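# Breakdown of the fold
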Amino acid sequence: MTRMFSRTAARIVALTLLAAVFGGCGGPDESSNPDPATLRGYAETYVSLLQAKDEPGLRQHLGNDAHPGDSAERITAYGGRGWTLSEVSWSALTPRAYALSMVVAGPSGRTTWRHNVEWTGGRWIMAPLDAPPAGASTESPG
């Protein structure tokens, strides 16, 4: 009984954290539907901004106003390291949230980055690096 309660509690905590990350990000264009095909371009721009170490551009691209320091953390961790994007895929977590997977190559070889993104206010918003995984985890390159 305790084990079942622990699993249920863990699921509730994970769902609550995901709601906190994605909650309250609504904009005026909530009626528009996401076009998942635009995630390829979103990922290309993301990797390009990291490569260029363009912190203001990355902050705007991420669209995560609740975590303004996230773009600087990403630049510090991954910026200017020769990353090239080779593959992009995604899967729906909800009708407006997706697990975005990017296969990138850099000085230490190929790796996969996974980030959660949400369609809000007519644009993609990326969850911060320290967000808990929800159907996909964020992996840092070697």
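As a reminder, the structure under discussion sits directly above these lines.
Residues numbered from 1 in each chain as written. Predicted model: local features only at pLDDT ≥ 70, side-chain atom pairs only at ≥ 80, totals over all residues. Heavy atoms only, no water.

In space, the 4 strands of this open sheet follow the order 1-2-3-4, with antiparallel pairing throughout. In this open sheet, the two strands that pair with only one neighbour each are strand 1 (84-92) and strand 4 (123-126). Sheet twist, expressed as the mean angle between neighbouring strand axes with direction ignored, is 35°. As paired elements, strand 3 (residues 109-120) and strand 4 share 4 bridges and run antiparallel to each other. Among the inter-strand pairings, threonine 120 is bridged to a residue of strand 4, identified as arginine 123. (Pairing = 2+ DSSP bridges. Helix = DSSP H or I, 4+ residues; strand = E, 2+ residues; numbered from the N terminus. Axes fitted to C-alpha atoms, helices over the stretch in contact; angles between N-to-C directions.)

Within soluble globular proteins, side chains that are nonpolar generally end up buried alongside one another. Among the nonpolar cores identified, the biggest contains 24 residues, and Tyr46, Val47, Leu100, Met102, Trp113, Val117 and Met126 are the most heavily contacted of them. Those elements that place two or more of their residues in this core are helix 2 (39-52), helix 3 (55-62), helix 4 (70-78), strand 1, strand 2 (97-106), strand 3 and strand 4. Ranked by residue count, the leading element in this core is helix 2, at 7 residues. (Core = buried A, V, L, I, M, F, W, Y, C linked by side-chain atoms within 4.5 Å. Buried < 20%, exposed > 50% of the residue type's maximum accessible area, 1.4 Å probe, protein only.)

Another aspect to go through is the packing of helix 2 against helix 3. Helix-helix packing: each pair is described by the crossing angle between the helix axes and the interaxial distance. The N-to-C vectors of helix 2 and helix 3 enclose an angle of 155°; their axes lie 9 Å apart at closest approach. Classified by the angle between their axes, helix 2 and helix 3 sit roughly antiparallel to one another. When the axes of helix 2 and helix 3 are compared, the crossing they make is left-handed. Across the interface between the two elements, Tyr42, Thr45, Tyr46, Leu49 and Leu50 of helix 2 pack against Gly57, Leu58, His61 and Leu62 of helix 3. Residues of the contact of helix 2 with helix 3, tallied by class, amount to 6 nonpolar, 3 polar and no charged. (Parallel < 35°, antiparallel > 145°, perpendicular 65-115°, else oblique. Left-handed = near helix turned anticlockwise from the far one by under 90°. Contact = heavy atoms within 4.5 Å. Nonpolar A, V, L, I, M, F, W, Y, C, P; charged D, E, K, R; others polar.)

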